[in-house]
Amino acid sequence: MLHYFDLKRPKKLGLSITDQRQRWLREFLKAFLVVFFVYFSMYLIRNNLSAAQPLLVKDGISTTELGWIGYGFSLAYGIGKTVLGYVVDGKNTKRFMSFLLILAALMTLIIGVALLMNHAPVGLILVLWSLNGVFQSPGGSASLSTISRWTTTTTRGRYIGIWNISHEFGGAVAGVIALWGANHLFAGNVGGMFIFPAIIGLIIGFWGLFFGADDPQELGWDSSEVIFGEEVSQADQTAAKMNKWTIFKTFVMKSPWVWLLCIANVFVYVVRIGIVNWAPLYTVQQLHFTVAQGANTLLLFQLGGIIGSVVWGWFSDVLKGRRAVVSIICLALTAFVVLGYRYGTTPMMINTSLFFLGMLIYGPQLLIGVAVISFVPKNALNVSDGLTGTFAYIFGDLMAQVGFAAIADPKANGLSLLGMNLHGWNDTFIVFYIAVILSIIMLAIIAVGEEKRIRQQLKLEK
């Protein structure tokens, strides 16, 4: 069974470089569309929980319990990113993530059926939602791996920026699709908000198993570096002579830059997940929006992220790969824009603020993953990107899910942080600002390392 996910290396067809370049876009788009729509579908069966929260609260699940369910997903997702990332490295990542989408959709489907039948205890939802997190965990790094195998360092940022639209668009429409499915197919039952997106995920997952190739060499072509005349990086040349465990120790465990990116990602995720997961409930409870208006907050936030991903990915390419510098710019602007979200009182004010917050915060969220690619060989990409995700989802989500729930829950006693007792929705914004400041400090250090690497590369090119 595991051989089904091996990278195939058939005999080379002997096509000229010119022929391979002419055919490249068509074949690349096949692989790109698979990782795009598979990752899009993963967010349909992830962000649907956020949109379903108001209805789940009405059914008797407390805000604190929702926080633990969300954190169960994040904890499992975070651990899975490193563990499954290590397993996926060197495999057909496009096919692997399609298979994992099918498993994740099945977990979501079971939750929906249990809710529909009124037999869904919190413990069952927690276990199944956590398994959903495990199966989804390598999705992002697997997508980066497939795209990196097809592209070069000078074009990678823009293609990954376009791919990043997948989960922003998926996150944006997740609430709308889930609510539509529940209202039109399940008479408004909250179970429909899980069943309908799960069915979509199953269809996309089976399609992704059989469509496209994971890299040019699976077609009997040369590697992307040979096709486009780019030198293979020193890290990739060295890694080619090592086994998987040696690569992991040398380029991941002993790399200070990977660890710094892990820490920076924690604080970025506190801001991002703190908004994505709680915006619907915050606007319904604090600002008295309707359930539909609350679900629409995700749409505006993710739509802003769609524009931001393309713009910041392209801009970082223009700056010769200075991903950390662009991330710092985004976070500095985030500190100002979050004021509109904090003090807004109408749907127009909140949605406008969320649009620009999405545009800004998805800059560093994207570029930290792209920055990792520059510091490690391709054969360590999944596990290194997975490690940054592990830190983000275990530690960042601990604050964004459980911490925010403890602060916002009117029935709880609040949360003690740095000598302060934080209680109520307004105090969650103190955590936002602490996270923004700390992430800027980490990224400033990483920017120094990036600058040294870029200048060394420019010298070699001369």
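For the protein, the name recorded in an unreviewed UniProt entry is Hexose-6-phosphate:phosphate antiporter, with Lactiplantibacillus dongliensis as its organism. A UniProt comment under Subcellular location (unreviewed entry) is attached to the protein, and it reads "Cell membrane".

S.K.: Give me the lowdown on the overall build of the protein, citing residues and values where you can.
M.R.: Along its length, the protein carries 19 helices and 2 strands. Counting the 462 residues in the protein, one finds 58% classified as buried. Within the protein, contacts between residues at least 6 apart in sequence are counted, and of these 82% link residues at least 24 apart. Taken as a whole, the protein presents about 18,100 Å² of accessible surface, with 68% of it coming from carbon and sulfur.

S.K.: Describe the side chain of Ser137, and please don't skip the residues or the numbers.
M.R.: With respect to the helices and strands, Ser137 occurs in the loop between α5 (122–136) and α6 (139–150). Engagement of the side chain of Ser137 in a polar contact is seen with the backbone oxygen of Gly80, the distance being 3.4 Å. The residues contacting Ser137, other than those within four sequence positions of it, are Tyr77, Gly80, Lys81 and Leu84.

S.K.: How would you summarise the packing of helix α4 (residues 93–116) against α6 if you had to cite specific residues and measurements?
M.R.: Put simply, α4 and α6 touch, their axes get as near as 8 Å, and they point 155° apart. In this view, α4 runs roughly antiparallel relative to α6, as classed from their interaxial angle. Relative to α6, α4 is oriented so that their crossing is left-handed. The residues of α6 that touch α4, namely those facing Thr93, Lys94 and Met97, are Gly139, Ala142, Ser143, Ser145, Thr146 and Arg149. Split by residue class, the contact of α4 with α6 holds 2 nonpolar, 5 polar and 2 charged.

S.K.: How would you sum up the packing of aromatic side chains? Please name residues and give values.
M.R.: Summed over the entire model, instances satisfying the criterion amount to 24 aromatic pairs. Measuring from ring centre to ring centre gives 6.0 Å for Phe32 and Phe36, while their planes differ by 35°; the resulting arrangement is tilted. Separated by 4 residues within a single helix, Phe32 and Phe36 lie in helix α1 (residues 17–44), roughly one turn from each other. Across the pair, Phe36 and Phe32 agree in class, each one buried. Taking the centre distance of 5.9 Å and the plane angle of 85° together, the rings of Trp129 and Phe194 count as edge-to-face. In this pair, Trp129 is assigned in helix α5 and Phe194 in helix α9 (residues 192–210), connecting sequence segments 65 residues apart. The residues Trp129 and Phe194 share a single accessibility class, namely buried. Between Arg46 and the ring centre of Tyr43, over which it is positioned, the NZ or CZ distance is 4.0 Å.

S.K.: Please provide a residue-by-residue account of the environment of Arg149, values included.
M.R.: Checked against the element boundaries, Arg149 lands in helix α6. Placed 75 residues apart in sequence, Arg149 and Ser224 show a C-alpha to C-alpha distance of 6.5 Å.

S.K.: A description of the side chain of Thr390 should follow, citing residues and the corresponding values.
M.R.: With respect to the element layout, Thr390 can be found in helix α18 (residues 381–408). Since its relative accessible area comes to 10%, Thr390 is described here as buried. Engagement of the side chain of Thr390 in a polar contact is seen with the backbone oxygen of Gly78, the distance being 2.3 Å. A polar contact of 2.4 Å, which involves the side chain of Thr390, links it to the side chain of Thr82. Apart from the residues lying within four places of it in its own chain, the contact partners of Thr390 are Gly78, Ile79, Lys81, Thr82 and Phe395.

S.K.: Give a detailed account of a nonpolar patch on the surface, specifying residues and quantitative values.
M.R.: On the surface, a cluster of nonpolar side chains totalling about 400 Å² of accessible area is made up of Leu25, Leu29, Leu33, Phe37 and Trp207. A total of 4 residues in the nonpolar patch trace back to one element, the largest contributor, which is α1. As for its position among the elements, Leu25 is in helix α1.

S.K.: Help me get a handle on the nonpolar core, residues and values and all.
M.R.: Core analysis: the biggest nonpolar cluster contains 72 residues, and Leu56, Ile160, Trp163, Val190, Met193 and Phe194 have the highest contact counts within it. In terms of residue count, α1 provides more of this core than any other element does, 11 residues in total. Here Val190 is in contact with Ala52, Leu55, Leu56, Asp59 and Leu115, once residues within four sequence places are set aside. Grouped together as the second largest cluster of nonpolar side chains are 48 residues, Val276, Ala324, Leu354 and Val436 included.

S.K.: Mind laying out α4, listing which residues take part and the relevant values?
M.R.: One turn of the α-helix equals 3.6 residues, which is why residues spaced by three or four share an orientation. In a regular helix each residue adds 1.5 Å, so 24 residues correspond to 34 Å; α4 covers 34 Å between its end C-alpha atoms and thus fits that length. One or two residues past the end of α4 sits Asn118, with phi positive at roughly 60°.

S.K.: Please set out the packing of helix α15 (residues 291–318) against helix α16 (residues 323–343) residue by residue, giving values where relevant.
M.R.: Axis separation between α15 and α16 bottoms out at 9 Å; the angle between their running directions is 135°. On the basis of their axis angle, the class for α15 and α16 is oblique. In terms of crossing hand, the pair formed by α15 and α16 is right-handed. Taking contact as the criterion, the partners of Trp312, Gly313, Phe315, Ser316 and Asp317 in α15 are, on α16, Arg323, Val326 and Cys330. Its residues placed into classes, the contact of α15 with α16 shows 4 nonpolar, 2 polar and 2 charged.

Cut-offs used in this document
In every chain, residue numbers begin from 1 and rise along the written sequence. Totals for whole chains, interfaces and linings use every residue, but because this is a predicted model, local features are given only for residues with pLDDT of at least 70 and side-chain atom pairs only at 80 or more, for both listing and counting. Only hydrogens and water are set aside; all other atoms, that is, all heavy atoms of the structure, feed into the side-chain values. UniProt positions are given in the numbering used here, feature names are shortened, and annotations may be inferred rather than shown by experiment. Starting at the N terminus, helices and strands are each numbered in turn, a helix being any DSSP run of H or I of at least four residues and a strand any DSSP run of E of at least two. Using a 1.4 Å probe on the protein chains alone, a residue whose accessible area is under 20% of its type maximum counts as buried, one over 50% counts as exposed, and one in between counts as partly exposed. The contact criterion used is simple: two residues touch if any of their non-hydrogen atoms lie within 4.5 Å. We get accessible surface area from the Shrake-Rupley algorithm with a probe of 1.4 Å; when it comes to residues, only the shown protein chains can shield them. Whenever a nitrogen or oxygen atom comes within 3.5 Å of another N or O atom, the pair is scored as a polar contact, on the condition that within protein one atom can donate a hydrogen and the other can accept it, and that pairs from neighbouring residues in sequence are kept only if both atoms are in side chains. The axes used here are C-alpha line fits, helices contributing only the stretch in contact, and every angle between their N-to-C directions lies in the interval 0 to 180 degrees. Between 65 and 115 degrees an angle is taken as roughly perpendicular, under 35 as roughly parallel, over 145 as roughly antiparallel, and anywhere else as oblique. In this scheme the handedness of a crossing depends on how the near helix is turned from the far one: anticlockwise by less than a right angle means left-handed, clockwise means right-handed. Amino acids outside the nonpolar list (Ala, Val, Leu, Ile, Met, Phe, Trp, Tyr, Cys, Pro) and the charged list (Asp, Glu, Lys, Arg) are all regarded as polar, and Gly is one of them. Here is the rule: rings of Phe, Tyr and Trp (six-membered ring for Trp) pair when centre to centre is within 6.5 Å. Planes less than 30 degrees apart are stacked, more than 60 are edge-to-face, and the remainder are tilted. Two conditions define a charge located above a ring, namely a distance within 6 Å from the ring centre to NZ of Lys or CZ of Arg, and an angle within 35 degrees of the ring normal. Here the term patch refers to residues with relative accessible area over 30% and no salt bridge, with like charges joined within 9 Å and nonpolar side chains (Val, Leu, Ile, Met, Phe, Trp, Tyr) within 5 Å. A carboxyl oxygen of Asp or Glu within 4 Å of a side-chain nitrogen of Lys or Arg is what we treat as a salt bridge. Here, nonpolar core refers to any group of buried Ala, Val, Leu, Ile, Met, Phe, Trp, Tyr and Cys residues whose side-chain atoms link them within 4.5 Å. Given the number of residues in a helix, its expected span is that number minus one, multiplied by 1.5 Å.

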